[in-house]
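What follows is each chain in one-letter form.
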Amino acid sequence: MKMELFTVDDLPLIKEGDNIAAMICERTQLESHDVVVIASTIVAKSEAAMVLKDTITPSERAVAMAKKCGTDPALVQVVLDNSVEQLVEFPVLLVENLNGHVSINAGIDDSNVDDKYFLEMPHDPDGSAKAIGMHVAELCGKDVSVIITDTNGRSFKIGQTGVAVGVYGVHPIKNWRGEKDLFGKVLEITEEAVADEVASAANLLMGEAAGGTPVVIVRGFDLYSSDDVSVKEMYRREGEDIIRKGLKCLRHS
Ligand code: GDP
Ligand code: MN
Ligand code: MN
């Protein structure tokens, strides 16, 4: 087996209104069922999902939380505005964002963006992935999968990896249940987070600094589905999430 990953080169700094699908198609000969992996940073920039730092008035709560964590009250305010629940408030701010994704600081970024702004996560990442995927199909006549990514930390381990935050044309989870192992035993629980795995692999080529490579094409690993898909397929439902339950107990103890 063999798969291939390569960057889309010579992309400029992305501005509000930029057409990411067109920019990719102009620079790459896409093939059917390629996976187009795109850093959320540039999707957010193209959608102007950002807040001018000057316009933020931190609430009393934001000021108190920022003081405790030693962070910027304005950043904490944007994180609160972009979250539906705060799972951990100290020593880091771990929240569920407006789209259901749990991460530190709601994925609000201060890097790779003009210093006057905080960059938010795309507000509807599945919708953004779909719009880009459909536009690619229109422009170059190829059905592709699209995965929008961010770099996130992990519980229990040091080191960040790429994760999927929005998808189109690919189910984020591959279900192995019902398949047989080498000894004929039927698998009962194995589900594989394929979108996160692809995001992580692509993140190797994206890098985190000034590389300027926010788009990676994955070729030779067909994950394409014409179903109506959503990144939310991999978010645990509230009652089934023991970590969330544990954190809630800690908050109320
Ligand atoms: P995130 O993981 O989505 O938060 O994005 P990062 O800030 O880690 O950036 C991922 C990659 O995209 C790095 O190679 C950056 O240099 C690159 N990048 C970020 N913004 C832009 C941009 O506007 N234009 C280009 N060409 N590259 C960018
Ligand atoms: Mn980020
Ligand atoms: Mn990154």
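Because the structure is a prediction, the values reported are computed rather than measured.

**Thoughts on the sheet that holds strand β8 (residues 145-152)**
- Taken together, the five strands give an open sheet; going across it, the order is β1-β12-β2-β8-β9, and neighbouring strands pair in mixed fashion. Across the chains shown, the open sheet's two edge strands, defined by having one partner strand only, are β1 (4-7) and β9 (161-168). Strand-to-strand, the axes of this sheet are offset by a mean angle of 30°, without reference to chain direction.

**A look at the pattern of salt bridges**
- Using the criterion set out here, one finds 15 salt bridges in the structure.
- Two residues, E26 and R27, come together in a salt bridge whose shortest N-O distance is 3.5 Å.
- Between R244 and E85 there is a salt bridge, and its shortest N-O distance comes to 3.3 Å. One end of the pair, R244, is in helix α7 (residues 242-251); the other, E85, is in strand β4 (residues 83-88), and 159 residues separate them in sequence. You'll find R244 and E85 in the same group, each marked buried.
- Among the charged side chains, a salt-bridge network with shared partners connects E85, E96, D241, R244 and R251.

**A short note on the coordination of the manganese ion (ligand 3)**
- Only T151 (OG1) and E208 (OE) from the protein coordinate the manganese ion (ligand 3), and they sit 2.1 to 2.2 Å from it.
- In this structure, the manganese ion (ligand 3) lies 5.0 Å from the manganese ion (ligand 2). One end of the pair, T151, is in strand β8; the other, E208, is in the loop between α6 (194-206) and β12 (215-219), and 57 residues separate them in sequence.
- Given a relative accessible area of 21%, T151 falls into the partly exposed group.

Calculation criteria
Numbering of residues starts from 1 in every chain and runs along the sequence as written. Chains carry letters from A onward and ligands carry numbers from 1 onward, assigned in written order. Only residues with pLDDT of at least 70 are given local features in this predicted model, and only at 80 or more are side-chain atom pairs given and counted; all residues enter the totals for whole chains, interfaces and linings. To obtain the side-chain values, all non-hydrogen atoms of the structure were included, while hydrogens and water were left out. When DSSP finds two or more bridges between two strands, those strands count as paired. Strands here mean DSSP runs of E at least two residues long; helices mean DSSP runs of H or I at least four residues long; both are numbered from the N terminus. Only C-alpha atoms enter the line fits that serve as axes; for helices the fit covers just the stretch in contact. Angles between N-to-C directions range over 0 to 180 degrees. Counted as salt bridges are all cases of a side-chain nitrogen of Lys or Arg within 4 Å of a carboxyl oxygen of Asp or Glu. Here the term buried applies to any residue with accessible area under 20% of the maximum for its type, exposed to any over 50%, and partly exposed to those in between, with areas from a 1.4 Å probe on protein chains only. A donor here means any N, O or S atom no more than 2.8 Å from the metal (3.2 Å for Na, K and Ca); water is not included, so a site may seem to lack partners.

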